[in-house]
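# Results of the structural survey
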Amino acid sequence: MTIRIGVLTGGGDCPGLNSAIKWVTKTALDPLLAAKRHEVFEVIGIRDGWRGLVEVDPADPSSVARWTEQLTELKVRAWDRTGGTALGTSRVNPFNPKDDRSRRLLENIEALGIDALAAIGGEDTLTVAQRLHDLGVKVVGIPKTIDRDLTGTDYTLGYDSALNVITEEVDRLRTTAGSHSRIFVVETMGRHAGWLALEGGQAAGAYVILIPEWDFQMERVCELLMTRKNSGIRYSIVVVSEGAKIKGEDLVYLSEKEDGFGHKVLGGIARYVSKEIERRTGLESRYVVLSHLQRGGKPTACDRLMGRRFGIAAVDLILRGRFGRMVSYIKGELTSVPISQAIAKLQTVDVARYYDTERYNGPRSSLLADNKIT
């Protein structure tokens, strides 16, 4: 008996995806596993996420070759060393109310002979996976998002690599900021969750960090920066999440155009904050938008290892018949949670615990306050 596993990546790319694909493939094709189960496994890579399963024509060999790829151990051997996704990705939503192609999706999954799906993605990709599960498709999920905003897991692929990019780029800016005695405002990703800005900013030594979970006041930002300047420090770094906003005002969008999941493109808050700092304080200020730099480059050791662990765990879920679940990393252990739980709400920064609303930065006393250390 041959069991065909389909694997795809959806949403934004990031380092660690190729590692997960590699280890889904290597685990499923392990000859020892096949011998134990008396079954043969195939792994089919789906190109460009859900788009591939919508666009493919199973009756046309050239279309099948365009949108799918037979994965082998030899083919994926070195994939874990590279960033992005070798299978490609997209933000196509087959259940988009404006263009519902879910029926074609279901028909194609059946026509391609896919027995189980491993979907690697964030909230949007896994929402599609959950809807497929509700319709009877055997699907498991692997958490991926540099925003680290999925509930039910302490880690999501791409997060550590993105943090390292933020830290490295701020380190570079620090030298020119100090040379010219400037304020630098650095915009990170993070639509609803401020983990990247908060932890990336702390790792990089930012003086002010602005996150979506707490609406900030420009008066307070300028007050903090002037106090620092008057103390004799030549420059300051401000890190702001793309989803942060000024109290009483709306989010800043780069584009009003919506993707298949109804999201507009955020961007521009760093420019706004930088201009306001100059206008209000007279201090010279510049801004940098890290944007897709946070998604690019080689995966860190952490993301390579987590891709491996998640990929192996996903195949384990399939073999155990535990569909409709997402592999997860909680308190240092691999486990799984229902996909429905992972997408039920976003895991955002707990302001009371992890954010100082006076300093606009990480807290300095939370561990002691909670009696967690002695």
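For the structure itself, consult the block above.
I will try to describe carefully the structure that is included in this document.

Rules used in this analysis
Residues numbered from 1 in each chain as written. Predicted model: local features only at pLDDT ≥ 70, side-chain atom pairs only at ≥ 80, totals over all residues. Heavy atoms only, no water. Buried < 20%, exposed > 50% of the residue type's maximum accessible area, 1.4 Å probe, protein only. Helix = DSSP H or I, 4+ residues; strand = E, 2+ residues; numbered from the N terminus. Pairing = 2+ DSSP bridges. Phe/Tyr/Trp six-rings, centres within 6.5 Å; stacked < 30°, edge-to-face > 60°. Lys NZ or Arg CZ within 6 Å of the ring centre and 35° of its normal. Expected span 1.5 Å × (residues − 1). Arc of directions from axis to C-beta. Core = buried A, V, L, I, M, F, W, Y, C linked by side-chain atoms within 4.5 Å. Contact = heavy atoms within 4.5 Å. Axes fitted to C-alpha atoms, helices over the stretch in contact; angles between N-to-C directions. Salt bridge = Lys/Arg side-chain N within 4 Å of Asp/Glu carboxyl O. Parallel < 35°, antiparallel > 145°, perpendicular 65-115°, else oblique. Left-handed = near helix turned anticlockwise from the far one by under 90°. Nonpolar A, V, L, I, M, F, W, Y, C, P; charged D, E, K, R; others polar.

For the rest of this paragraph, the subject is the pairing of strand E6 (residues 183–188). With six of six residues buried, E6 lies mostly within the body of the structure. Sheet topology note: the E6/strand E8 (residues 236–241) ladder contains six bridges and is parallel. The partner of Phe 184 across the bridge, within E8, is Ile 237. Summarising the sheet, E6 and strand E11 (residues 285–289) pair through five bridges and their orientation is parallel. Bridge pairing in E11 places Glu 187 opposite Val 289.

Here we come to the side chain of Thr 156. Mapped onto the fold, Thr 156 is located in the loop between strand E5 (139–143) and helix H8 (159–180). Residue classification places Thr 156 among the buried residues on the basis of a relative accessible area of 1%.

Our focus in this paragraph is the packing of aromatic side chains. Any two aromatic rings considered together are summarised by their centre-to-centre distance and by the angle between their planes. Inspection of every chain in the model, using the stated rule, returns two aromatic pairs. Ring geometry for Tyr 155 and Tyr 159: centres 6.4 Å apart, planes at 75°, overall edge-to-face. In this arrangement the basic side chain of Lys 26 is found over the ring face of Trp 23, its NZ or CZ atom lying 5.4 Å from the centre. Sitting over the ring of Trp 23, Arg 308 keeps its end group 4.0 Å from the ring centre.

The subject of this paragraph is helix H11 (residues 269–281). Taking 1.5 Å of rise per residue, 13 residues should cover 18 Å, and H11 covers 18 Å from first to last C-alpha, within 8% of that figure. Taken residue by residue, H11 has Ile 269, Ala 270, Val 273, Ser 274, Glu 276, Ile 277 and Thr 281 as its buried positions. The arc that holds the buried residues of H11, viewed along the axis, is 165°, so those residues lie on one side. Just downstream of H11, Gly 282 is the residue with a positive phi angle, here 80°.

Membership of the largest hydrophobic core comes to 80 residues, with the highest contact counts inside it found for Ile 142, Leu 210, Phe 216, Ile 237 and Ile 277. At eight residues, the largest contribution of residues to this core is made by helix H12 (residues 301–319). Discounting residues that sit within four places of it in the chain, Ile 277 has contacts with Ile 183, Val 185, Met 218, Val 221, Cys 222, Leu 225, Gly 282, Leu 283 and Ser 285. Of all hydrophobic cores here, the second largest spans 27 residues; its members include Leu 8, Leu 112, Leu 126 and Leu 132.

So, about the sheet that holds strand E12 (residues 325–330). One open sheet accounts for seven strands, arranged E3-E2-E1-E4-E5-E12-E13; its pairing is mixed. Only two strands of the sheet have a single partner each, and these edge strands are strand E3 (68–71) and strand E13 (333–338). On average, each strand axis in the sheet is tilted by 30° relative to the strand beside it, whichever way the strands run. Sheet topology note: the strand E4 (residues 116–121)/E5 ladder contains five bridges and is parallel. Directly across from Ala 119, in E5, lies its bridge partner Gly 141. Sheet strands in contact with helix H7 (residues 123–134) are strand E1 (2–9), E4, E5 and E12, and its direction is about 155° off that of E4.

As a further point, take the pattern of salt bridges. All chains considered together, the criterion is met by 21 salt bridges. Residue Arg 4 is joined to Glu 42 by a salt bridge in which the shortest nitrogen-to-oxygen separation is 2.9 Å. Taken together, the residues span a long stretch of sequence, with Arg 4 in strand E1 and Glu 42 in strand E2 (residues 40–46) at a distance of 38 residues. Under the relative-accessibility criterion, Arg 4 is labelled partly exposed at 25%. Here Asp 48 and Arg 51 are joined by a salt bridge, their closest N and O atoms 4.0 Å apart. By relative accessible area, which is 33% here, Arg 51 ends up partly exposed. Residues joined in a network through salt bridges with shared partners are Arg 182, Glu 278, Glu 284 and Arg 286.

Bringing the side chain of Arg 182 into the picture now. Tracing the sequence through the fold places Arg 182 in the loop between H8 and E6. In contact with Arg 182, other than residues within four places in its own chain, are Thr 176, Ala 177, Arg 234, Tyr 235, Ser 236, Glu 284 and Arg 286.

The next point concerns the packing of H8 against helix H9 (residues 195–204). Orientation of H8 relative to H9, taken along the N-to-C sense of each, is 50°, at an axis distance of 9 Å. Between H8 and H9, the angle is such that the two are oblique. Along this stretch, H8 crosses H9, giving a crossing that reads as right-handed. Only Trp 195, Leu 196, Glu 199, Gly 200, Ala 203 and Ala 204 of H9 make contact with H8, whose side of the interface consists of Tyr 159, Ala 162, Leu 163, Ile 166, Thr 167, Val 170, Asp 171 and Arg 174. Here the contact of H8 with H9 is composed, by residue class, of nine nonpolar, two polar and three charged.

Looking now at the environment of Pro 58. Within the element layout of this structure, Pro 58 appears in the loop between helix H3 (50–55) and helix H4 (61–67). The exposure class assigned to Pro 58 is partly exposed, which follows from its relative accessible area of 28%. Residues Pro 58 and Pro 212, spaced 154 residues apart in sequence, show a C-alpha to C-alpha distance of 44 Å. Those residues in contact with Pro 58 that sit more than four places away from it in its chain are Val 64, Asn 108, Ala 111 and Leu 112.

Residue placement: Leu 173 occurs in helix H8. When the C-alpha positions of Leu 173 and Leu 334 are compared, they lie 37 Å apart, and in sequence the two are 161 residues distant. In this structure Leu 173 touches Phe 184, Val 186 and Val 288, once residues within four positions along its chain are discounted.

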